[in-house]
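# Coordinate analysis (summary)
Take a look at the letters that make up each chain.
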Number of protein chains: 2
Amino acid sequence: MIIAYEGGGYQGWQIQADGGVSIQGEIEKALMTVLQEPVSVIGSGRTDAGVHAEGQVAHFITTKPPTLRKLQFSLNSLLPPDIRILRIGEVDPAFHAQYSALSKIYRYRLDFSQVLSPFKRRYVWHLPYLRSTEPMKKAAPLFLGTHDFTSFANEAHRGVAAKDPVRTLLRLDLLEEKEEMALEFEADGFLYKMVRNIVGTLVECALGKREVDDIPALFAAKDRKLAGSAAPPQGLTLVEVHYP
Amino acid sequence: MIIAYEGGGYQGWQIQADGGVSIQGEIEKALMTVLQEPVSVIGSGRTDAGVHAEGQVAHFITTKPPTLRKLQFSLNSLLPPDIRILRIGEVDPAFHAQYSALSKIYRYRLDFSQVLSPFKRRYVWHLPYLRSTEPMKKAAPLFLGTHDFTSFANEAHRGVAAKDPVRTLLRLDLLEEKEEMALEFEADGFLYKMVRNIVGTLVECALGKREVDDIPALFAAKDRKLAGSAAPPQGLTLVEVHYP
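Residues numbered from 1 in each chain as written. Chains lettered and ligands numbered in written order. Predicted model: local features only at pLDDT ≥ 70, side-chain atom pairs only at ≥ 80, totals over all residues. Heavy atoms only, no water.

### Some points on the pairing of strand β3 (residues 52-59) of chain A
All names here are of chain A. To be explicit about the condition: Relative accessibility thresholds used throughout: buried, under 20% of the residue-type maximum; exposed, over 50%; partly exposed, between the two (1.4 Å probe, protein chains only). Under the DSSP-based scheme used, a helix requires at least four consecutive residues in state H or I and a strand at least two consecutive residues in state E, with every element numbered from the N terminus. Strand pairing is assigned whenever DSSP identifies at least 2 bridges connecting the two strands.
The buried count for β3 comes to seven of eight residues, which makes it a mostly enclosed element. Looking at chain direction, strand β1 (residues 2-5) and β3 are connected through three bridges and run antiparallel. Across the sheet, the residue bridging to Y5 is A53, located in β3. Two strands pair when backbone bridges link them, and strand β2 (residues 42-43) and β3 are joined in this way by two bridges, in the antiparallel orientation. Across the sheet, the residue bridging to I42 is H59, located in β3.

### Here's the deal with the relation of the copies chain A and chain B
As a reminder, the rule being used: A residue counts toward the fit only if its pLDDT is at least 70 in both copies, and the copies are then superposed by least squares on the C-alpha atoms of those residues. In what follows, a contact means two residues having at least one pair of non-hydrogen atoms within 4.5 Å.
Of the transformation placing chain A onto chain B, the axial shift is 0.0 Å and the rotation is 180°, giving an RMSD of 0.0 Å. In symmetry terms, the pair is related by a two-fold rotation axis. Closest approach to the rotation axis among the C-alpha atoms of chain A is made by F119(A), whose C-alpha sits 5.2 Å away. When the interface residues of chain A are mapped onto chain B, 100% of them are again interface residues, pointing to one common binding face.

### Here's the deal with the pattern of salt bridges
Residue and element names in this part refer to chain B. Stated formally: Whenever Lys or Arg places a side-chain nitrogen within 4 Å of a carboxyl oxygen from Asp or Glu, that contact is recorded as a salt bridge.
Applying the stated criterion across every chain yields a total of 34 salt bridges over all chains. The partner of R171 in a salt bridge is D173, and the shortest N-O contact between them spans 2.7 Å. R171 gets classed as partly exposed once you look at its relative accessible area, which sits at 23%. Its relative accessible area of 29% is what places D173 among the partly exposed residues.

### Quick notes on helix α1 (residues 23-35) of chain B
Residues and elements named next belong to chain B. We count it as follows: One less than the number of residues in a helix, times 1.5 Å, gives the span that helix is expected to have.
Helix length check: α1, at 13 residues, gives a terminal C-alpha distance of 18 Å against a target of 18 Å (1.5 Å per residue), a fit within 8%. Of the surrounding elements, those touching the buried residues of α1 are β1 (2-5), α2 (68-78) and β4 (83-87). Immediately downstream of α1, the backbone of Q36 shows phi near 60°, a positive value.

### A look at the packing of α1(B) against α2(B)
The packing of two helices is summarised by the inter-axis angle and the distance between the axes. Residue and element names in this part refer to chain B. For clarity, the threshold we go by: Note on geometry: axes are lines fitted to C-alpha atoms, helical ones only across the stretch in contact, with angles between N-to-C directions running from 0 to 180 degrees. Each angle is binned into one of four classes, with values under 35 degrees roughly parallel, values over 145 roughly antiparallel, values of 65 to 115 roughly perpendicular, and all other values oblique. We call a crossing left-handed when the near helix sits turned anticlockwise from the far one by less than a right angle, and right-handed when that turn is clockwise. Residue type decides the class: Asp, Glu, Lys and Arg count as charged, Ala, Val, Leu, Ile, Met, Phe, Trp, Tyr, Cys and Pro as nonpolar, and the leftover types, Gly among them, as polar.
It is the contact of α1 with α2, at a shortest axis distance of 9 Å, that shows an interaxial angle of 125°. As the angle between them shows, α1 and α2 are arranged oblique. In terms of crossing hand, the pair formed by α1 and α2 is right-handed. In contact with A30, L31, T33, V34 and L35 of α1, α2 contributes L71, S74, L75 and L78. Among the residues forming the contact of α1 with α2, the class breakdown is seven nonpolar, two polar and no charged.

Below, the structure written as structure tokens:
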């Protein structure tokens, strides 16, 4: 399934132990109603509370293969309108939404306008006091390539750090248009809160709170406490997941 | 003041007798807090419950003229984030937001995609079953120019029809892009629900429920019951008000 959702009303992708409303949980509930059997939905990865998706990918296994068109229609009828199944198809049994992924693309949107449009408020980080984006443009290339991203990764939900904190950032484009900037990240994988921590660090450079030249030392220190605060969730969207 | 708002959370522009939440009411409340005197805010016109604005215009009179920049900042701090004062300025005492207006521009958005993006659901009328927009394009020019729009006007809130139902539609552009259409209306004034009733009638033409050729007779009948149902409010936005 390819899934789009507006994350503002959810505790994130993953089913919550405390019963909080999750996207995964809503989809499993709808599948249970349609297929009349319990189904586990495996996503390409978690997205946090408040984070959006244009192209989350998830798979599930069912003993009752239904007509795909009808299944998509039924799921969209049952799901709340802020979660939509954009496409649904059969895949090879070897396909795994998380482990088969080659790369993922995330977009983070900043807005520099003096007064934030009410139509953008759910989708951007509003930074009316940013004077220049030049330090961000200078800093961005330092994140490209293969690095140990420990300094830019929070511990996962249960206080467990990633076993392998090395990731390859394939692309980081800073696209400016009028009073907005979209930062597009493509990597072979992302550590927990990695995009938001990098954006937070880039914004601190632009605000003059941090020197671009100090970034290599940040990587070397492998200490999350030294990098910038995480950027707020509503600016972040999982755009696309690539598979072989 | 030039004001933008997302109308989904409001009973419309105008203060409600039943105490429902209105945009005018929220702005008057904020002005009262800042200016410490009761202030009446006069808009260019009403917008209905659920209708949005990118450029509503309103004026007010105060005995305590504050610094404009500071006033704008204070109002935006007090107002909910779905209402924003985009600009504020001093005007000639002869200026009246409603009576000085030369023309207004409204936009209505239709979406023809099979599955509606969660990011568009607050701003469009979703019509996945529309096969062709050709009848709409054929019908649109019939609305242009000066007409008695009685058949396309609801009675105002208190059961009162407009005294003069003649309006001049200066422009009606149908802008198609991918699976969307934006209908832009410019007129010297609009009767109550006029845009939504015209859009509803155009869509009935596209759905094959009504013949384009019957539209001149609709105008001639001067009977609201004969034209199409009003299109839903969330597709409509007051874009701009023009003054001399």
